Amino acid sequence: LSYLNMDRTDEAVDDFTNALALDPANLDANYNRGMAYMRIREFELAFKDLSQAFILDSSNSRIIISRARAAMELERFDRAAADLRRAIALDPSRSALYALLAKALKGMDDMDGAIEAMRKASGLAQASGDEGMAETYRRQLEEYLDQTYP
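Note that the structure is predicted; figures quoted are calculated from it, not measured. (Residues numbered from 1 in each chain as written. Predicted model: local features only at pLDDT ≥ 70, side-chain atom pairs only at ≥ 80, totals over all residues. Heavy atoms only, no water.)

A. Fine view of the overall build of the protein. Counting secondary structure elements, the protein contains 9 helices and 0 strands. Listed N to C, the secondary structure of the protein is α-α-α-α-α-α-α-α-α in terms of helices and strands. If you line up the protein on its principal axes, its C-alpha atoms span 55 × 30 × 25 Å. For the protein, the proportion of its 150 residues judged to be buried stands at 42%. Of all intrachain contacts in the protein linking residues separated by at least 6 positions in sequence, the fraction that spans at least 24 positions is 45%. In the form shown here, the protein has an accessible surface area of approximately 8,200 Å², with 47% of it arising from carbon and sulfur atoms. (Helix = DSSP H or I, 4+ residues; strand = E, 2+ residues; numbered from the N terminus. Buried < 20%, exposed > 50% of the residue type's maximum accessible area, 1.4 Å probe, protein only. Contact = heavy atoms within 4.5 Å. Areas by Shrake-Rupley, 256 points an atom, 1.4 Å probe, with all protein chains shown as cover.)

B. Examining the nonpolar core more closely. By size, the foremost hydrophobic cluster in this structure holds 44 residues, and its most contacted members are Leu84, Leu101, Met118 and Tyr144. At the level of secondary structure, the elements contributing two or more residues to this core comprise helix 3 (27–39), helix 4 (43–56), helix 5 (61–73), helix 6 (77–90), helix 7 (95–107), helix 8 (111–127) and helix 9 (131–148). Non-local contacts of leucine 84, meaning those with residues more than four positions away in its chain, are made with Ala68, Leu97, Leu100, Leu101 and Ala104. (Core = buried A, V, L, I, M, F, W, Y, C linked by side-chain atoms within 4.5 Å.)

C. Spatial organisation of the environment of asparagine 26. Within the secondary structure layout, asparagine 26 lies in the loop between helix 2 (9–22) and helix 3. Using a relative accessible area of 24% as the deciding quantity, one classes asparagine 26 as partly exposed. With 26 residues separating them along the chain, asparagine 26 and glutamine 52 place their C-alpha atoms 9.5 Å apart. Not counting residues within four places of it along the chain, the set of residues in contact with asparagine 26 comprises Leu20 and Leu56. Side-chain polar atoms of asparagine 26 contact the backbone nitrogen of aspartate 28, separated by 3.1 Å. (Polar contact = N/O pair within 3.5 Å; in protein donor to acceptor, adjacent residues only side chain to side chain.)

D. Inspection of the packing of aromatic side chains at higher detail. Enumeration over the complete set of coordinates arrives at 0 aromatic pairs. The ring of phenylalanine 54 has arginine 67 sitting right over it, with the charged end atom 4.2 Å from the ring centre. The aromatic ring of phenylalanine 47 is capped on one face by arginine 76, whose charged end is 4.9 Å from the ring centroid. (Phe/Tyr/Trp six-rings, centres within 6.5 Å; stacked < 30°, edge-to-face > 60°. Lys NZ or Arg CZ within 6 Å of the ring centre and 35° of its normal.)

E. Broad picture of the pattern of salt bridges. Evaluation of the coordinates by the stated rule reveals 8 salt bridges. Salt-bridge contacts for arginine 41 lead to glutamate 73; the nearest nitrogen and oxygen are separated by 3.9 Å. Within this pair, whereas arginine 41 is found in the loop between helix 3 and helix 4, its partner glutamate 73 is found in helix 5, the two being separated by 32 residues in sequence. Accessibility expressed as a relative area gives 57% for arginine 41, which makes it exposed. (Salt bridge = Lys/Arg side-chain N within 4 Å of Asp/Glu carboxyl O.)

F. The arrangement of helix 4 in detail. With 14 residues, helix 4 ought to run about 20 Å at 1.5 Å a step, and its terminal C-alpha atoms sit 20 Å apart, in line with that. Within helix 4, burial applies to Phe43, Ala46, Phe47, Asp49, Leu50, Ser51, Ala53 and Phe54. (Expected span 1.5 Å × (residues − 1).)

G. Representation of the packing of helix 2 against helix 3. Between helix 2 and helix 3, whose axes approach to 9 Å, the crossing angle comes to 155 degrees. By the angle between their axes, helix 2 is roughly antiparallel relative to helix 3. Viewed along their axes, helix 2 and helix 3 form a crossing whose handedness is left-handed. Judged by residue contacts, Thr9, Val13, Phe16, Thr17, Ala19 and Leu20 of helix 2 engage Ala29, Asn30, Asn32, Arg33, Ala36, Tyr37 and Arg39 from helix 3. Partitioning the contact of helix 2 with helix 3 into residue classes produces 7 nonpolar, 4 polar and 2 charged. (Axes fitted to C-alpha atoms, helices over the stretch in contact; angles between N-to-C directions. Parallel < 35°, antiparallel > 145°, perpendicular 65-115°, else oblique. Left-handed = near helix turned anticlockwise from the far one by under 90°. Nonpolar A, V, L, I, M, F, W, Y, C, P; charged D, E, K, R; others polar.)

H. Structural view of unusual backbone geometry. Even without being glycine, arginine 41 reaches a positive phi, approximately 65 degrees. Its identity is not glycine, yet glutamate 75 carries a phi of approximately 60 degrees, on the positive side. Looking at where glutamate 75 falls in the secondary structure, it is placed in the loop between helix 5 and helix 6. Note on glutamate 75: relative accessible area 60%, which makes it exposed.

See below:
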């Protein structure tokens, strides 16, 4: 993990790979190697490791969200949306999760779902007092509305 913190991602991958050779069910090694792969844009490898981490702990929102991000990069929008819905069920007050879900739904050409999710993101950000994010989400919502109802 220290290699990852020092931006020595290749060495971090090697360390996590060695840890997994000793214990393939090592949750932290699977998750951290997945995150290292994300950092170097090896999204297929990241998705594989994060999926293994998910198998080991399917209630960890950090793992679920990370796997959703990898799925988004791979344009597996249906998988990303499913993971994000699971993360939202665990923590329904996080506006960023709804914004990510909106992007996944847009990738699936579900613009009505994307609009609904972005509205929720904006409302939650507003309710939490985060005016900057609320405004960002409102602008994105306007773009979605303009694309859907020109």
